[in-house]
Structure formats: structure tokens, C-alpha cells
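One letter stands for each residue in the lines below.
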Amino acid sequence: METNLLDNIILKYQNPSGKVLSILEEVQEKQGYLSRESLIYISKNIKVPLTQIYSIATFYSFFNLKPVGTNIISVCMGTACHVKGAAEILNNLEYLLDVKEDEITSDGKFLLTTQDKNFSLNVARCFGCCSMAPVVRINEKIYGHMTINTLPKILKEYGWIKK
Amino acid sequence: MKISSLKDLDAVKESVLKKLVPLDTPSIRVGLATCGISVGGNLVYEEFKKQIKEKNLNISLSKTGCIGFCKEEPLVNITIPKRGILILHKIEPEDVNGILETIINNKENFDKVLCRINTWDHIINGIIDYGNGFKDIPLWNELNFFKGQKKIVLRNAGIINPEDIEEYIAVGGYKSLYKSLKEMSPQEIINEIKDSGLRGRGGAGFPTSLKWERAYTEKNSKKYVICNADEGDPGAYMNRNEMESDPHSIIEGMIIGGYTIGASEGVIYIRAEYPLAVERLQKAIEEAKFYSLLGGNILGSDFNFDISIVKGAGAFVCGEETALIASIEGKSGRPKPRPPYPAQKGLWNKPTNINNVETWTNIPVIISKTGKWFSNIGTINNTGTKVFSLVGKVNNVGLVEVELGTPIEKIIYDIGQGAADNKDVKAIQVGGPSGGCIPSNLFNTSVDYNSLTKLGAIMGSGGMVVMDQDTCMVDVSHFFLDFTMDESCGKCVPCRKGLKTMFEILEKIISGNGEEQDLIILEELANTVKKTSLCGLGQTAPNPILTTLKYFKDEYQSHISQKICPAKICKNFIEYTIDTNKCTGCTVCAKQCPVHVIDGSKNKPHFINQQQCIKCGTCLAVCRFNAVSKIPKNKV
């Protein structure tokens, strides 16, 4: 990310309450992930040790340290979704996208990206849409009442091609 | 525009009341909380907008929040002058033309009508009369879902426009702030809260007045108030709706709290998964500032108070107050031992008062109606109402607000109308990963802090997930432990290692290698983790295990001794087979199978290669001839 863009983001957050989280969140929003260079730059400019920044970036599940796919699919694994079969939805998505759980990254985060970088798959704790369980979010859009049957159709909207 | 007197407030109230109760223009409101939007509410809204413009109609269109009946969404409120409000349900863009035609032609024969509202109690400003027509339609509170509910927290949800501060003022909003600032001393406010008996709605149930008093008596020129909107319990979404449907009620509560303890700054810590709630709160803050209800010299007084929003980043433990504070300060969210309590040393080491979203929304009501009024709702020591998110395998899913002390059976069977798909309710899970599972034979228990704790569960923030006979309780425990183990911050050993070990024992049981003694170790370990962990997460994480062991031990035992999962959920105990008599050889399952392990030629019965089957259930879901079934596996 270019330094002037980072400067603009840093400037926006003057209130010490929530400053570090907000900066990292906005950088990730713009960049898709937190690159090593961005973290070093932020650390120097807001005078917070890089170790602390790295600690935050790895502690919170929201942050990615690696580039992500064009479309991010999050399967809700909340209780209501779980009892309505979210595990089967996730399992199916792994096979449809041809990504497997044993590829969990070294930073301990669950984020699986397809070879063509079109999709990244992860799990979410709860979107608060429990009345429509099971729920899957693709980018900003929430899909409720998911079934194994409807998955391929929805994926096709985002350029998925069946093998 | 500045509001600095009661006269100003009343002037706004009078002038905007006609937005809510139109004198001559019909109005349409589309329920647009996250739940309504994701089932297509926004498409309905856009279609109304388009057609009203195209046809140049004299009909007003606006948004509203969610009235709680999520099963029936998208919901649309039609207000016809003098006749009242009709709530239409399951509306699609195709219905829009018909609805508009019916309105224009001054007819009443709407399709998809759910119920009518003639009067609505907005609590603070009392009852508003919306009109007295539509007598053939059932009243809203004649529906099973609403009958037996009492709306105090959700007093405005699904009726007013959450993005319009004037409508909040029209239903009595910010009147309690005026009363607090101009007519009450901080001590009087604390006394009023004390009289109300209000207890923290985040789950632990600590008396709110005690928290406030502690922060108030601390001598410090800088203090903070925080709204804990990090609603992390999976299966719970009351707070999301409260923020999306009535954001000003939270902001008003926080300003009153700030004035009472002597704080000049407030922070709303909200989870990142709720973008719409963030947007509506941000808008509400700006509007409140515009009217001088927030910022410098509030309501013309010398009291200054500002609110900022901090978004969380996906850590469940940040719902714990000391971890939440660490997170705002730019650290990893790891809890600290208490004391010192946040009331003494909180955010940036200053006295801080933290309350949950729902606690804050109750404050304006208590100030306006008095603590004594509030204390008459609910039962002794458990006053007021609580909103529950009734979800899972229940007929009427949605947000349910009941008086504390209501029996569980009333919520599940009367309001919720029992299990969906003609099945039987086996249990409910309350309180999320910190709570427990309550079997159906104990559903006469009343919902209050003390009774639920006695059963080994907790009230928690209000998640209520219904489970039927197809839910495996061992799998549920496994699910929650997977969650809490993953979300443990790793600071203290009992939580970090204890939960992991418990999880491994459960993995052993569900993989078919469980032994009788595992249950003894599991229980012992659960009790140790409960007693020795540092914060609420570890202290309550064993609850799902302990309650399922207590009430559903037979399910554990059949996994261990008979190697059977009674609910046919645990994959190692089941297999999928195709009935050769029913299979027509249509090849759909073979085509859909993600691992390509179904063999068979066209028009001939198909077979599943059991060794390679991943048991994803796709074949069962896609078969149109009921030929696929899930059966217990013979040998593990």
C-alpha cells in the first residue's frame, strides 16, 4: 500500500481510544490484508512497537497477514447455524472450491484460498442472522437458508466453474 | 438546530408526530434491519421507491427496524390515515404494484396481511393512537408470537425510522435526558436505578446501580462510559437489532450514564460483523450532535459529552470488560484480574462504567417512568424484561421480549409454537458458550438469573437455541468447546490447557474410541477449569459440558458403549446408503457428489463407495426419490 494512503488513514484516527484497531481495520479493508511493509510503516508512524502491532494482527481473527482471494466466503458457525447443518455447508464448500482444511496457515488462521485466487473461504462466529440459519456471507452479501443444493448456483454468480 | 428546553423538544415532537401518524398521506415502511435486508427487504424498498416515483404518488416511504418476527420477513408496514397500521409479511418486489394499487384505490383487501396495529405503547410517551380501522384483521398482540410478549426494550423497534432522530423525539426520546440533566442530581438518578432493580443485561446480572455508584464515587477529573456491543454469543442477535432499530435509545442511556458518573467521553465497542449497526449508530451520533443533544453544552447545560465508536476485530473474549478495555487501548484483548474493577481503574486507568446495549436502552425508561414502575415488571430481584433470540429448530423464529420470570415453556410452546417440521423439542441452549442445555422436562422453570443458574446454565445475553431429536448433545458440547478453546486468549493455564484437553476427550468419544472413564475425567476437568480460570470465559466455558453430562448422559454413553449416535449426527457412527428398490438411476447424486464416489450407470441403481465417502449429505439432499438414507454404521 502506498505510504500517502497509509498516512491518510493514520491521520483519521486521532482519539487514542480505539486508534490502533481502527487503523489496522481500515488498512485491511482497503488492501484486503495486512502486509509486512504496512505494519512496519504504521508501527513507526504511530510509535507503537511492531511486536505489539503484530500481537494484535495475530490475536484478532479479523486480520489476515496474507493476500486473500477476490471473493471472500464466510460460513457462519454460530449455534443456530450449527444445529441447522453449517458443518455440512462448510464441508461442501471445501470440496466445491477444492481447498482443504489441512491447509490451515502457519499463523493459525483459517483462511483457504483457491488456486486461481478467485475465492477465499473462512468461518465466522455469527452474523446475527440466526433467524435465517444456516447463513453464508459472500463479500458483503448475506445468504440465508442455505442448502447444499443452492451452493453451486450461488457460487456461479461469482465466477465459479464446476470441475 | 439546537434543542435547549423542554419547549424545543415538544415543538419537534408535535411537528414530526404526523410523520408517524399521518393525517392524510398514506405511508409505507419497509423493515430494513440486517435480517430483513438479507431476505430481500432492500429490493422491496427499491421497488416501492421506483414505482412511487414513476406513478408520482402521494405516498411517503421510509425505513423501519425489525419488530422481531423474523420468520415472516420481509415485513412492510402500511399506515393509512385514521385506520392504523397493517403489517404485511413475506413481501417480494412483485407484490409492490398490488399494494400500491390497493392504497391508491382506497381499498383494504391487501394480500399477505399478517396483523394490524391500532395503538402502540411507546412507553415513554405512552400510547400513540394510529387509527381504528381494519377491524377484520387480527390485532398484532392476538398473534401467538406476540401474545405474552412485553415490549419495553423493543418499544420502538419496527415502528419508527431508526435513521430519523425526529421520530425518536416524537415518541418521547431525549425527554429522559432532559429530566436527568435539568431536574435530577446524579445521586437521585442512581437511587432511581436502584429502585428499579435493573441488573446487567450482558449476562452476569450484576446490579446496574452498584456499578454506577462505584464509578460515581471515584474522584477523578476524567471518567469514561462504555457500551459493550460486542455481542459475541453465537446464536444471539438481540443487541444487533436494538442498535439497528432504535439506536438513539442507547445513545440517550449513555449520555444519562455519563452525566451521572461524571464522564465526558463514551465509547461504543461494537463487533465488526455488524456493519449496519455501526452505520446507524454513527448516523444517530451525528444527528444527536446536530440537535445539541450530544457534544458541548448538551440541552443548553454546562454538561459536555461525546461518543465515539470502536469496531472490534473478531475476538469473543473482548465481551469480557477488562479484555474489551485492553482492546480499545490498542492491545490484544486479554482479561486482567479484578480488582481493581473498571469502576476504579478502567479505560486508560480512569474510572469507567461499562454496560451492555440492552442495559443502556432500559435507562431512559427508568428515568421517565420511575424505578418503582420498572420494579413492578418481572419478579422480585429479577425486574424488567429480557429480549431473547429464539432460533434453531423452532417454528416461530425471532426476537422475543418477555418479563423476567416467564416460564420457558411459554416461550417455546406458546410464542415459538414448538419445534418445526412436526418434531419434538429436546432441549434449549441458553447463554451461548457460557450457558447450558436445559432438557424439555425442566421447561416449567422460569427465565430469570437465579433459576437458570440453579440449573447449571446462565441467563447470558439472551440466545435461546431450540434443539430437537435430530440434535446430538455430544456434538453440541463438542461445538461449544471447539468455540471456547479457539477463543481462549491463552493467558491462564486452566482455560488454555483445560479446554484443549476436554476437547480432545470429546474428539475421542465422537470418533468412536471413547471409554467409560472418559466421562469421569471430563467432569472432573470441567469443574477444575470452572473454579480456577481467570475470567468469565474460562469460568463458564465448561457449562455446556456439565449440563449435557447432567441431563443427557445417556447420549454420551451410547456413543461410548454402543458406538451409536442416536441423533445420527456424528459422522463416524453413520453411513449413507442408496435403496436399490427406490433408486431410478437418474444420476443426479453421482453428478453432485463432490468427491465422485457414487457409481452406477444411467437408469440403474447407484451405489456409494463407503470407504471414500466424506458423509457430506449431498446425495441425501439432492435425491428426489427418497432413495438415499442415513443409517447407523454397523461397525466403527
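Residues numbered from 1 in each chain as written. Chains lettered and ligands numbered in written order. Predicted model: local features only at pLDDT ≥ 70, side-chain atom pairs only at ≥ 80, totals over all residues.

A.B. asks: In this structure, what is going on with the overall build of chain B? I would like to understand it.
C.D. replies: When you go through chain B residue by residue, the secondary structure sums to 24 helices and 22 strands. Taking 2.2 N^0.38 as the reference for a compact globule, 636 residues should give roughly 26 Å; the C-alpha atoms of chain B span a radius of gyration of 27 Å, in line with that estimate. Projected onto its principal axes, the C-alpha coordinates of chain B cover approximately 80 × 65 × 40 Å. The burial tally for chain B puts 55% of its 636 residues in the buried class. Nonlocal contacts in chain B, meaning residues at least 24 apart in sequence, comprise 72% of its contacts between residues at least 6 apart. (Helix = DSSP H or I, 4+ residues; strand = E, 2+ residues; numbered from the N terminus. Rg over C-alpha atoms; globule rule 2.2 N^0.38 Å. Buried ≥ 20, exposed ≤ 12 C-beta atoms within 10 Å, placed from the backbone. Contact = placed C-beta atoms within 7 Å.)

A.B. asks: Could you clarify how one ought to interpret the overall build of chain A in this entry?
C.D. replies: Helices and strands together make up the secondary structure of chain A, namely seven helices and five strands. Ordered by position from the N terminus, the helices and strands of chain A form the series α-α-α-α-β-α-α-β-β-β-β-α. In terms of overall dimensions, chain A has C-alpha extents of about 50 × 35 × 25 Å along its principal axes. Looking at the 163 residues of chain A, the share that counts as buried comes to 44%. Of the contacts formed within chain A by residues at least 6 apart in sequence, a portion of 59% connects residues at least 24 apart.

A.B. asks: In this structure, what is going on with the domain arrangement of chain B? I would like to understand it.
C.D. replies: When the parts come together, some accessible area is lost, and that loss is often what is quoted as the size of the interface. All names here are of chain B. We note that the domain assignment places domain 1 (19-146), domain 2 (174-374), domain 3 (379-468), domain 4 (473-562) and domain 5 (571-632) within chain B. Computed over C-alpha atoms, the centres of domain 2 and domain 3 are 27 Å apart. Of the residues lining the interface, 20 residues belong to domain 2; the matching set on domain 3 comes to 20 residues. Here the residues of the side of domain 2 that touches domain 3 are counted per class, giving six nonpolar, nine polar and five charged. (Domains from an automatic or database assignment. Nonpolar A, V, L, I, M, F, W, Y, C, P; charged D, E, K, R; others polar.)

A.B. asks: Help me understand the packing of helix α1 (residues 3-12) of chain A against helix α2 (residues 19-31) of chain A in this model?
C.D. replies: For any two helices packed against each other, one specifies the inter-axial angle together with the distance between the axes. Residues and elements named next belong to chain A. Taken N-terminus to C-terminus, the directions of α1 and α2 make an angle of 140 degrees; their axes are 9 Å apart at the nearest point. Judged on the interaxial angle alone, α2 and α1 are oblique. As for how α1 packs across α2, the hand of that crossing is right-handed. Contact with α1, carried on its side by L5, L6, I9 and I10, involves I23, E26, V27 and K30 of α2 and no other residues of that element. A per-class count over the contact of α1 with α2 returns six nonpolar, no polar and two charged. (Axes fitted to C-alpha atoms, helices over the stretch in contact; angles between N-to-C directions. Parallel < 35°, antiparallel > 145°, perpendicular 65-115°, else oblique. Left-handed = near helix turned anticlockwise from the far one by under 90°.)

A.B. asks: Would you explain the interface of chain A and chain B in this entry?
C.D. replies: Tallying the contact residues gives 42 residues for chain A and 51 residues for chain B. Counting residues per element, the ones that place at least two in the side of chain A that touches chain B are α2, α4 (50-59), α5 (79-83) and α6 (86-97) of chain A. Tallied by class, the residues present in the side of chain A that touches chain B amount to 21 nonpolar, 17 polar and four charged.

A.B. asks: Explain the sheet that holds strand β1 (residues 27-31) of chain B here, please?
C.D. replies: Adjacent strands of a sheet pair through backbone hydrogen bonds, lying either parallel or antiparallel. Residues and elements named next belong to chain B. Read from one edge to the other, the open sheet built from five strands follows the order β2-β1-β3-β4-β5, with strand pairing classed as mixed. What marks the edges here is a single partner per strand, and that holds for β2 (60-64) and β5 (113-117). Direction aside, the axes of adjacent strands within the sheet are offset by 20 degrees on average. Here strand β4 (residues 84-88) runs beside β5; their pairing, made up of four bridges, is antiparallel. Opposite L86, over in β5, you have R116 as the bridge partner. Packed onto the sheet, helix α3 (residues 41-54) meets β1, β2 and β3 (76-80) and runs at close to 155 degrees relative to β1. (Pairing = 2+ DSSP bridges.)

A.B. asks: Help me understand the nonpolar core in this model?
C.D. replies: A general feature of soluble globular proteins is that nonpolar side chains tend to end up buried together. Counting 232 residues, the largest nonpolar core has V75(A), C76(A), V135(A), I411(B) and I428(B) as its most contacted members. The residues touching I428(B), leaving out its near neighbours within four places in the chain, are I408(B), I412(B), I438(B), M464(B), V465(B), V466(B) and M467(B). Counting twelve residues, the second largest nonpolar core, distinct from the first, contains C583(B), C589(B), A590(B) and I608(B). (Core = buried A, V, L, I, M, F, W, Y, C linked by C-beta atoms within 7 Å.)

A.B. asks: Quick question: what am I supposed to make of helix α21 (residues 543-551) of chain B here?
C.D. replies: An α-helical turn contains 3.6 residues, so a residue and the one three or four places further along point in the same direction. Residues and elements named next belong to chain B. Among the nine residues in α21, seven count as buried, and that is most of the element. For α21, every residue scored as buried is listed here: N543, P544, I545, T547, T548, L549 and Y551. Close packing links the buried residues of α21 with β17 (436-439), α17 (473-487), α18 (493-510), α19 (516-532), α20 (536-540) and α22 (553-562).

A.B. asks: Help me out: how do you make sense of the environment of Y143(A) in this one?
C.D. replies: Residue and element names in this part refer to chain A. Mapped onto the secondary structure, Y143 falls in strand β5 (residues 141-143). Judged by C-beta crowding, with 18 C-beta atoms within 10 Å, Y143 ranks as partly exposed. Considered as a pair, Y143 and K162 are 19 residues apart in the sequence and their alpha carbons are 20 Å apart. Here Y143 is in contact with V135, V136, I138 and I154, once residues within four sequence places are set aside.

A.B. asks: Would you explain the confidence of the model for chain A in this entry?
C.D. replies: For any part of a model where pLDDT is low, the fine detail of the predicted coordinates should not be relied upon. Looking at chain A, the pLDDT average stands at 90 and 94% of residues meet or exceed 70. No element of chain A has a lower mean pLDDT than strand β2 (residues 112-113) of chain A, which averages 88, and none a higher one than helix α3 (residues 36-46) of chain A, which averages 96. (pLDDT = per-residue confidence, 0-100.)

A.B. asks: Any chance you could explain the environment of P138(B) here in plain terms?
C.D. replies: Residue and element names in this part refer to chain B. Tracing the backbone shows P138 in the loop between β7 (127-129) and α5 (165-170). Taking the C-alpha atoms as reference points, P138 and T528, separated by 390 residues in sequence, lie 54 Å from one another. Among residues more than four places away in sequence, those in contact with P138 are C115 and L143.

A.B. asks: When you look at the domain arrangement of chain A in this model, what are you seeing that I'm missing?
C.D. replies: We note that the domain assignment places domain 1 (3-59) and domain 2 (71-157) within chain A. Placing a centre on the C-alpha atoms of domain 1 of chain A and another on those of domain 2 of chain A gives a separation of 28 Å.

A.B. asks: What should I look at first to understand the packing of helix α9 (residues 238-245) of chain B against helix α11 (residues 275-290) of chain B in this one?
C.D. replies: Residues and elements named next belong to chain B. Running from amino to carboxyl end, α9 crosses α11 at an angle of 35 degrees, the nearest separation of the two axes being 8 Å. Pair α9 / α11 crosses with left-handed handedness. Every residue of α11 that contacts α9 at R240, M243 and E244 is listed here: L276, A277, R280 and L281. Residues belonging to the contact of α9 with α11 are distributed by class as follows: four nonpolar, no polar and three charged.

A.B. asks: In this structure, what is going on with unusual backbone geometry? I would like to understand it.
C.D. replies: Peptide bonds are mostly trans, and most non-glycine residues show a negative phi. Residues and elements named next belong to chain B. For the bond running from E73 to P74, omega is -5 degrees, close enough to zero to count as cis. Structurally, the position occupied by P74 is in the loop between β2 and β3. Of the consecutive residues R338 and P339, the connecting peptide bond is found in the cis state with omega at -5 degrees. Relative to the elements of secondary structure, P339 occurs in the loop between α12 (321-328) and β11 (352-356).

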